Amino acid sequence: LMSVLSSLHVLRTRTPFRDVLTKILVLFAMISLCNCSPNNYTLHAVLVTAPNTGPPIFQSLLSCIQLALDDINNSTEILPNTELMVESYYHFGSAAGAIKRMLQYSEEGVSFVIGNYFVDNIKYTGSVGKVFDIAQLSASVSSPILSNDREYPYFSRLAPPATGQSKVIRETILNFASIQGPRGWDRCAIISTTDPYGVGLSEDFIEVMNEQDEIEIATYQQFIYLGEIDGTKADVQVELREIQDSKARIIVALIVGGYEDLIIDANEFGLVGDSFVWFVGDSISGNFLYNEEAIALSRGLLGTFQYIPEGHKERQYFDDLWLRSDPTIYYGAGETVSPYYYLTYDMVLTSAILIEELDKQGLLDSEEVIPGRVWTNELRKLSVNGTSGLIEFNSIGDRVQPASGSFYDPDTRTWKEYAFYDDVQGYNKIRDVIWHSGTNEIPDLDIREAFHYWSCHDGKKMFDPTGKSISLHTPDGSDIDDIDEDYHCDQFIDCKNLSDESNDCASSYTVLFIVFGCITGFMILVCILLIGLVIVYGLILKYRRLRVASPTFLLILLVSTIIGYSSVYAWFGKPHPVACGFQPWILGLSTISMIAALCAKNFRIWRIFRYQNVKQRISDLDLLVLWFAMILPSLVILVVWTIVSTPTATMEDRGGEEHYVCTTGGFTGKPGGLIFFFILVGYIAIVLMFGVILSILTRKVPTMFNESKLLAISIYNLVFFGCVIIPVVMVINPINPYAAWILRTIAILYGFTATLILQFAPPVIGIFLIDKGKNVRVFKSHINSARFKESSSPDSILSMS
């Protein structure tokens, strides 16, 4: 203005163009007066700790603010005519103090504030800003709860929401699981602080993990941390014990602080090492570690942060500036750079560019307070190349930027990015991770407890120290080898070669099978010899003692007995679906066939002697029809049983353990098998009762033909054994299959052998001992002579039949 007035004084006595030039100079003076940039502008900041107090990183952040101010005030491109200053308020972690200061700002007409590093404070100051029209810009808060334009309409931040960090963790786990194998990488544990940062990130992480079903959250633990400023140690013993019990090998620590104490305590619980992977959020990965023990334990620690590209000129500029700055002026200068330094520097830089933009609009010249809405709208329009990368905001004030994963290198005490992720580009690898082992070999998280097992092929107990070199088989395989040691000597046969129930066991199935197998084989051989005896002496030579016993039905009895004996072998060895399916057929048919043959013999004698003075003929064919008629219902029962409730072999719980046993399949399952079993047993009981009645009716026939006593004894014997053995075996079998096997086998052998002896001992003894091998055709009857001749021929009596 003074220059313009001086020019007007000079022009007072000069050229004719004085009037025109005067008007131009006056117009220039008026424009200069109306659109003049302020000589200085004060930027208000709500910070954590004052200089020379609090944790080192907060003091270094103050240095970053000062460096940014110095660069801006020395720049000819940003606010060239204005000196930018920062007036700071330090809340020392007190939300109440931050709220009080925001209210004072409202009274003072301040409508734009920077700083606020803690979500604990911003969730309150953001609400105050909404009510009192104060815009805020935070350098680093990433909590997802702040992504709410309704609750925090005037809040913006240079950090993207931590949802990206959660996705980096998820994609990192999935990536390494796809390489190493899912076992061990499919379970993770979460531990967080109870503050809004820890809870917000944990809830966001859980929501992100719920978008897939490959990784299970084994446990979620929380602890109270109050040491953000003074480093107060938290007690995490209970939480670490829960994580230990969860068997998770991936531990995600979403904590606002206290990491060093946590990792040291975790090491005492055995939760740190080459077979564990730890993740932390940006609150830890953006900070420094100072405890030497914690530093050593943190090799390979994985952290998340927003992606700050390496190598771009703005970042390189700050790195060089930080390294060459005087640490006596700028605290922490020359040392390792934290990513929070870039964000803090960019916070001041972005604010300066915003102030310049409003200055260009002439809003700084007005005496009126610029509304917080205006600050916010103009801020979210900016696009700035900062030290942390391109700075752009979305409509709700969140920065648009990918998230990154980094690993901690204790040798250089720095974090090195290994990958970045966003929803558009996906997971992008930057470099290999150097893990806790000190190598880039991906950790094997498939750590299992060492165990003993039984080798069927080797026939002995063996040991797997790794817990995973041996794949245990379940007993339902055809030719299994390695099974759980609990299957050894448990009285259930699981190995095809019986080694699990023979070697080093108090009771041996092998010995049992040999003994009973030999006895059964011998009895089958006896039956075969008796078949020859019946054919030769009964059918060919027609010996009286065999003729009166009906050779045809003796042969049926012998064949039934052989099949009945053979049923013993259906229970030999390991259960098999085919053997289980044959068991009711072989044993059931042979039993009913034997009983039906006995009943048919009694029936013919009853019919012959019922009408003693009437000559009757009942041929073997007629009795075969009767025998088959008694067999037919059992055939129907067995056919329907096999179709509807198919006997098979499968895994079934017995005494709390899974065993491969014979059971019922088909359409009905186990209840159906029991029902058909009792139907078959009931029908056999009916036939037995029929035999008992016939035995009573034929008790007074001639001695030569009277087998009622022997038949009755046979039938009574079968009834008794059925009533006793069947319930006992059914009760014992689930508890002690070894004892049940013995009882069942003895019952089968006894039932058929007793019948065999009762039916064949008398004729054999009579032929070879009493008759000395002769065919004696004359016998004496002890019934009334008026009804029968004293001496008769068996053939003459049989001719009545």
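Residues numbered from 1 in each chain as written. Predicted model: local features only at pLDDT ≥ 70, side-chain atom pairs only at ≥ 80, totals over all residues. Heavy atoms only, no water.

When helices and strands are counted, the chain shows 23 helices and 22 strands. When each of the 801 residues of the chain is scored for burial, the buried share is 52%. Looking at the chain alone, contacts between residues at least 24 apart form 68% of all its contacts between residues at least 6 apart. Of the roughly 36700 Å² of accessible surface on the chain, 59% is carried by carbon and sulfur atoms. (Helix = DSSP H or I, 4+ residues; strand = E, 2+ residues; numbered from the N terminus. Buried < 20%, exposed > 50% of the residue type's maximum accessible area, 1.4 Å probe, protein only. Contact = heavy atoms within 4.5 Å. Areas by Shrake-Rupley, 256 points an atom, 1.4 Å probe, with all protein chains shown as cover.)

Turning our eyes to something else, we now look at the packing of aromatic side chains. Tallying each qualifying case throughout the model produces 26 aromatic pairs. Both rings, one in Phe318 and one in Tyr345, keep their centres 5.3 Å apart while their planes meet at 70°; by these two values the pair is edge-to-face. In this pair, Phe318 is assigned in helix H12 (residues 313-324) and Tyr345 in helix H13 (residues 339-360), connecting sequence segments 27 residues apart. For Phe318, a relative accessible area of 0% translates into the label buried. (Phe/Tyr/Trp six-rings, centres within 6.5 Å; stacked < 30°, edge-to-face > 60°.)

Before going further, it helps to examine the state of the cysteines. Taken as a whole, this structure holds three disulfides when the rule is applied. The side chain of Cys456 participates in a disulfide bridge whose partner is Cys495; the two sulfur atoms lie 1.9 Å from each other. The sign of the -65° torsion about the S-S bond sets the Cys456-Cys495 disulfide as left-handed. Of this pair, Cys456 sits in the loop between strand S16 (451-455) and strand S17 (460-464) while Cys495 sits in the loop between strand S18 (482-484) and helix H15 (509-540); the two residues are 39 residues apart in sequence, bridging distant segments of the chain. Given a relative accessible area of 0%, Cys495 falls into the buried group. The disulfide partner of Cys580 is Cys662, and the gap between their sulfur atoms is 1.8 Å. Here the disulfide of Cys580 and Cys662 is left-handed, its torsion about the S-S bond being about -70°. Highlighted residues: Cys580 in helix H18 (residues 577-610) and Cys662 in strand S20 (residues 657-664), separated in sequence by 82 residues. Taking relative accessible area as the criterion, Cys580 reaches 2% and is therefore assigned buried. A residue is classified by how much of its surface remains accessible, and Cys662, at 29% relative accessible area, is partly exposed. Numbered by position along the chain, the disulfide-linked cysteines of the chain connect as 1-3, 2-4, 5-6. (Disulfide = S-S within 2.5 Å.)

Attention shifts here to the pairing of strand S14 (residues 414-422). With respect to burial, S14 is a largely interior element, eight of its nine residues being buried. Note: strand S13 (residues 403-409) against S14, seven bridges, orientation antiparallel. Considered in S14, the bridge of Ser404 is made with Phe420. What sits between the antiparallel neighbours S13 and S14 is a turn of four residues, in which Arg413 has the positive phi angle 55°. (Pairing = 2+ DSSP bridges.)

Attention shifts here to the confidence of the model for the chain. Residue-level pLDDT values for the chain average 85, and 88% of them are 70 or greater. For the chain, the element scoring lowest by mean pLDDT is strand S22 (residues 791-792), at 38; strand S9 (residues 277-280) scores highest, at 97. pLDDT under 50 marks residues 1-15. Its contacts with residues more than four places away, or in other chains, come to 13 contacts. Within the model, pLDDT remains below 50 along residues 781-801, and this stretch shows 45 contacts once partners closer than five positions in the same chain are excluded. (pLDDT = per-residue confidence, 0-100.)

Attention now moves to the nonpolar core. Counting 67 residues, the largest nonpolar core has Trp185, Ile250, Leu271, Trp278 and Phe279 as its most contacted members. If we skip the residues at most four places from it in the chain, Trp185 touches Ile173, Phe176, Ala177, Gln180, Ile215, Ile250, Val277, Trp435, Ile442, Pro443 and Leu445. Leu47, Ile65, Tyr117 and Leu343 belong to the second largest nonpolar core, which has 55 residues in total. (Core = buried A, V, L, I, M, F, W, Y, C linked by side-chain atoms within 4.5 Å.)

So, about the pattern of salt bridges. Going through the model one piece at a time under the given rule, you end up with 22 salt bridges. Close ionic contact of Asp444 with Lys468 constitutes a salt bridge, the shortest N to O distance being 2.0 Å. Within this pair, whereas Asp444 is found in the loop between strand S15 (426-429) and S16, its partner Lys468 is found in the loop between S17 and S18, the two being separated by 24 residues in sequence. Here Asp444 falls in the partly exposed class, since its relative accessible area comes to 31%. One salt-bridge network, in which partners are shared between bridges, spans Glu87, Arg101 and Glu108. (Salt bridge = Lys/Arg side-chain N within 4 Å of Asp/Glu carboxyl O.)

Here helix H22 (residues 737-770) spans 46 Å end to end across 34 residues, near enough to the 50 Å set by a 1.5 Å rise per residue. In H22, a bend of some 40° at Phe760 exceeds every other bend along the element, and Pro762, a proline, comes one to four places later. Phi for Lys772, located one or two positions after H22, is positive at around 55°. (Expected span 1.5 Å × (residues − 1). Bend = angle between axes of the 7 residues up to and from the residue.)

The subject of this paragraph is the sheet that holds S16. Taken together, the three strands give an open sheet; going across it, the order is S17-S16-S18, and neighbouring strands pair in antiparallel fashion. Two strands lie at the open edges of the sheet, namely S17 and S18, each paired on one side alone. The mean inter-strand angle of the sheet, taken between neighbouring strand axes irrespective of direction, is 45°. In this sheet, S17 lies alongside S16 in antiparallel orientation, the contact comprising five bridges. Across the sheet, the residue bridging to Ser455 is Lys460, located in S17. (Axes fitted to C-alpha atoms, helices over the stretch in contact; angles between N-to-C directions.)

Okay, helix H3 (residues 56-73) next. In an α-helix, one full turn covers 3.6 residues, which means residues spaced three or four apart are oriented alike. Across its 18 residues, H3 extends 26 Å between first and last C-alpha, which sits within 8% of the 26 Å expected from 1.5 Å per residue. Of all the 18 residues making up H3, 14 are buried; the element is thus mostly covered by neighbouring parts of the structure.

For the rest of this paragraph, the subject is a nonpolar patch on the surface. The grouping of Ile535, Val536, Leu539, Ile540 and Leu541 at the surface amounts to a nonpolar patch, some 410 Å² of accessible area in total. With relative accessibility at 36%, the residue Val536 sits in the partly exposed group. (Patch = residues over 30% accessible without salt bridge, like charges linked within 9 Å, V, L, I, M, F, W, Y side chains within 5 Å.)

So, about the environment of Ile528. Structurally, the position occupied by Ile528 is in helix H15. By relative accessible area, which is 47% here, Ile528 ends up partly exposed. In this structure the C-alpha to C-alpha distance between Ile528 and Ile562, which are 34 residues apart in sequence, comes to 8.1 Å.

A few words on the packing of H3 against H12. Any two packed helices are characterised by the angle at which their axes cross and by the distance between the axes. The interhelical angle for the contact between H3 and H12, taken along N-to-C directions, is 110°, at an axis separation of 12 Å. Taken together, the axes of H3 and H12 are roughly perpendicular relative to one another. Judged by the sense of rotation from one axis to the other, the crossing of H3 with H12 is right-handed. Where H3 abuts H12, its residues Ser60, Ser63, Cys64, Leu67 and Asp71 lie against Tyr317, Phe318, Leu321 and Trp322. Looking at the contact of H3 with H12, its residues break down into six nonpolar, two polar and one charged. (Parallel < 35°, antiparallel > 145°, perpendicular 65-115°, else oblique. Left-handed = near helix turned anticlockwise from the far one by under 90°. Nonpolar A, V, L, I, M, F, W, Y, C, P; charged D, E, K, R; others polar.)

Tracing the backbone through its elements, the reader meets Arg399 in the loop between strand S12 (389-391) and S13. Although buried, Arg399 forms no salt bridge, and the nearest oppositely charged side chain, Asp346, lies 4.8 Å from it. Among the polar contacts listed, one links the side chain of Arg399 to the backbone oxygen of Gly389, at a separation of 3.4 Å. Only 3.2 Å separates the side chain of Arg399 from the side chain of Gln401, close enough to count as a polar contact. (Lys, Arg positive; Asp, Glu negative; His and termini not counted. Polar contact = N/O pair within 3.5 Å; in protein donor to acceptor, adjacent residues only side chain to side chain.)

This next bit is on the sheet that holds strand S2 (residues 83-90). Across the sheet, which stays open at both edges, the five strands sit in the order S2-S1-S3-S4-S5 with parallel pairing between neighbours. Where the open sheet ends on each side, the last strands, each with one partner, are S2 and strand S5 (155-157). Each adjacent strand pair in this sheet contributes to an overall mean axis angle of 30°, direction not counted. Relative to strand S4 (residues 135-138), strand S3 (residues 112-115) runs parallel, the two sharing three bridges. Of the residues in S4, the one forming a bridge with Phe112 is Ala135.

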